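# Observations on the model geometry
Next come the chains, spelled out residue by residue.
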Amino acid sequence: MLAGGGFRGGVVYGASDRQGGYVKDRPVSLENFGATLFHALGVPPETRLAPDGFTRPASTGQPITALFSGV
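Residues numbered from 1 in each chain as written. Predicted model: local features only at pLDDT ≥ 70, side-chain atom pairs only at ≥ 80, totals over all residues. Heavy atoms only, no water.

### A word on the overall build of the protein
Across its full length, the protein carries 1 helix and 2 strands. Ordered by position from the N terminus, the helices and strands of the protein form the series β-β-α. The buried share among the 71 residues of the protein stands at 17%. Taking the intrachain contacts of the protein between residues at least 6 apart in sequence as the baseline, contacts between residues at least 24 apart amount to 58%. Approximately 5300 Å² of the protein is accessible, and the part contributed by carbon and sulfur atoms is 56%. (Helix = DSSP H or I, 4+ residues; strand = E, 2+ residues; numbered from the N terminus. Buried < 20%, exposed > 50% of the residue type's maximum accessible area, 1.4 Å probe, protein only. Contact = heavy atoms within 4.5 Å. Areas by Shrake-Rupley, 256 points an atom, 1.4 Å probe, with all protein chains shown as cover.)

Right, dumping it as structure tokens:
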């Protein structure tokens, strides 16, 4: 599902049940997925979306660094 941007190729992260319907191991939240994408773009997830400093951060999750090369 992810390619380029420093992601390691051919990596499987987590597992699903036999039918592929439910997460069995290492679930990824939407927040962590978003933080991972921002990390790939070189944007720290805590970056504020506007210069006023009062807006929400780009992401409240933590990047999944195990998906990147050299980690």
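### Some words on the side chain of Thr-36
Position of Thr-36 among the secondary structure elements: in helix α1 (residues 30-40). The class of Thr-36 is buried, set by a relative accessible area of 1%. Within the structure, Thr-36 has its side chain in polar contact with the backbone oxygen of Asn-32 (distance 2.7 Å). (Polar contact = N/O pair within 3.5 Å; in protein donor to acceptor, adjacent residues only side chain to side chain.)

### Points about unusual backbone geometry
The phi dihedral of Arg-26 is positive, around 60 degrees, even though this residue is not glycine. Among the secondary structure elements, Arg-26 is positioned in the loop between β2 (23-25) and α1. Using a relative accessible area of 40% as the deciding quantity, one classes Arg-26 as partly exposed.

### A look at α1
Those residues of α1 not exposed but buried are Gly-34, Ala-35 and Thr-36. Of the residues trailing α1, Gly-42 is marked for its positive phi of about 80 degrees.

### So, the environment of Thr-60
Looking at the secondary structure, you find Thr-60 in the segment after α1. Taking the C-alpha atoms as reference, Thr-60 lies 8.6 Å from Gly-34; in sequence the two are 26 residues apart.

### Describing the environment of Glu-46
The topology assignment puts Glu-46 in the segment after α1. By relative accessible area, which is 55% here, Glu-46 ends up exposed. Through-space distance from the C-alpha of Glu-46 to that of Ala-58 is 6.0 Å; in sequence the pair is 12 residues apart.

### With respect to the side chain of Ser-59
Take Ser-59: it is sitting in the segment after α1. In this structure the side chain of Ser-59 is engaged in a polar contact, spanning 3.1 Å, whose partner is the backbone nitrogen of Gly-61. The contact partners of Ser-59, leaving out residues within four places of it in the chain, are Glu-31, Gly-34, Ala-35, Phe-38, Pro-45 and Glu-46.

Any link to function would need more than the numbers given here.
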